Amino acid sequence: MRVNKIVDKYRLLAVALFSLVILFADFSYEAKCSDGTVNVWLTLQLREYETDMPIANTSISLVVSTVWGNLQAGPYFTDEHGNATILLGEYPDKTSKSPPRITRITLVGNYTIIEVNNVFIEDAEYTAEYISGTVDYRNLRIAILQEKIDNNIFLQVDCRVLRSKIINISDSDPVTGDQSIIYVNPSAKVISEEVGEKEFYESQYLVPLDYYIYITTVDSEKYSYPPLKILIDENVSFINWMYYAASFYTGNELESLEREINWFKSAGLSLIHEVGEYGSLKNLANRSLNFYQKREYSAALNGMKLFARRVADLREWLSNQRNLALLSAFGVSFFAYGTASILSNFIFEEVAENKKRLLTKILLFILLMLLFSYTNPSSKIACAILIE
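Residues numbered from 1 in each chain as written. Predicted model: local features only at pLDDT ≥ 70, side-chain atom pairs only at ≥ 80, totals over all residues. Heavy atoms only, no water.

Enquirer: Sorry, what's going on with the overall build of the protein here?
Expert: Helix and strand content of the protein: seven helices and 18 strands. Across the 388 residues of the protein, 40% fall into the buried class. Residue pairs in contact within the protein that sit at least 24 positions apart in sequence constitute 70% of those at least 6 positions apart. Summing over all exposed atoms, the protein offers an accessible surface of approximately 22,500 Å²; the carbon and sulfur share of this is 56%. (Helix = DSSP H or I, 4+ residues; strand = E, 2+ residues; numbered from the N terminus. Buried < 20%, exposed > 50% of the residue type's maximum accessible area, 1.4 Å probe, protein only. Contact = heavy atoms within 4.5 Å. Areas by Shrake-Rupley, 256 points an atom, 1.4 Å probe, with all protein chains shown as cover.)

In structure tokens, the structure reads:
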């Protein structure tokens, strides 16, 4: 009886050992697969961009576009070395000419992706949002290195990130008031439900620390503002892009008007009203820019809209002056031609003197045109337009 108990104990021990072997076999790195199939693994390295230090115990998930379709990897926590190995599944053994590509990365924590598989994120197309401590990168098309060993295919992803902070950026059009017309790269736009005047004209972005970001417009043809490059450090909490864009816009408009007015003045045309309007426009622009500096967006935008209308009116007035100058010049030309004809006919009345009459007419016409071009502003302007 005692012998049977001992045998039963050894039998139970053997069963337990066998179960452990099966369990370890199921979770073994070299998972077995059926004939004609392969195990697809994703191996991930998550490191800090500047120091190459591992980012440990961080949840990350990816969507990979492969020959087997879109495969979901994770969410999975990185180990102490910043690594994660994820079995994506068992699939038929087949290949494709196109490499697998990452289409989506979701990362928990205040991190901004800088580089994936030697591709800088600012050089790739993507959309990114930051919601409740999670960064979601979508619409990616970054190729993945692929290696096959026996019946296992390994998709290798090397992801470099930087610690980040949330900052405010005024991102509406400073002239029209259109919302969110900028693209901040690299960054993730913070999704918030707060609504107010500042929230209407400003947005929050998660941006990498100690790294340059680039701010451009989403439509360079519609919004022709130059790109802005800024280094983000601990002291940066707000970027007044609307002030920067408004300064560029008003500077360009005023410089163009000044050139136009000086061009008319050089032709001898008196522009007392136009010069006064130009001075008023400068004052209006400065007041609007001052409001933008103080983040008083409604007052600034009203001033900028008024500035844009008055600039358009002044430019139209100056354009009309050009057209009137051309019409006046044509009128002067006809007058000079008529005067030259009358004087030549008066001097040479005989029919036999037609040649002399013609030469005199031409000479008088040229002399009169030269006289008017020096004394009449409209003729000066017309000559300048023709030369241009």
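Enquirer: Can you walk me through the side chain of S172 in this structure?
Expert: Position of S172 among the secondary structure elements: in the loop between β12 (152-170) and β13 (182-185). Here S172 falls in the buried class, since its relative accessible area comes to 0%.

Enquirer: Looking at this structure, how should I read the environment of Y244?
Expert: Here Y244 is to be found in helix α3 (residues 241-266). Y244 sits 48 residues away from Y292 along the chain, and the two C-alpha atoms are 9.2 Å apart. When sequence neighbours within four positions are dropped, the list of residues in contact with Y244 reads P226, P227 and L228.

Enquirer: Honestly, the sheet that holds strand β17 (residues 228-232) in this entry has me stumped. Any pointers?
Expert: The strands making up a sheet associate through backbone hydrogen bonding, with each pair oriented either parallel or antiparallel. Read from one edge to the other, the open sheet built from three strands follows the order β13-β16-β17, with strand pairing classed as antiparallel. The open sheet is flanked by β13 and β17, the only strands paired with a single partner. Ignoring which end each strand starts from, the neighbouring axes of this sheet average 25 degrees apart. Pairing of strand β16 (residues 211-217) with β17 involves five bridges; the strand directions are antiparallel. Across the sheet, I213 pairs through a bridge with I230, a residue of β17. (Pairing = 2+ DSSP bridges. Axes fitted to C-alpha atoms, helices over the stretch in contact; angles between N-to-C directions.)

The values are spatial; any link to function lies outside them.
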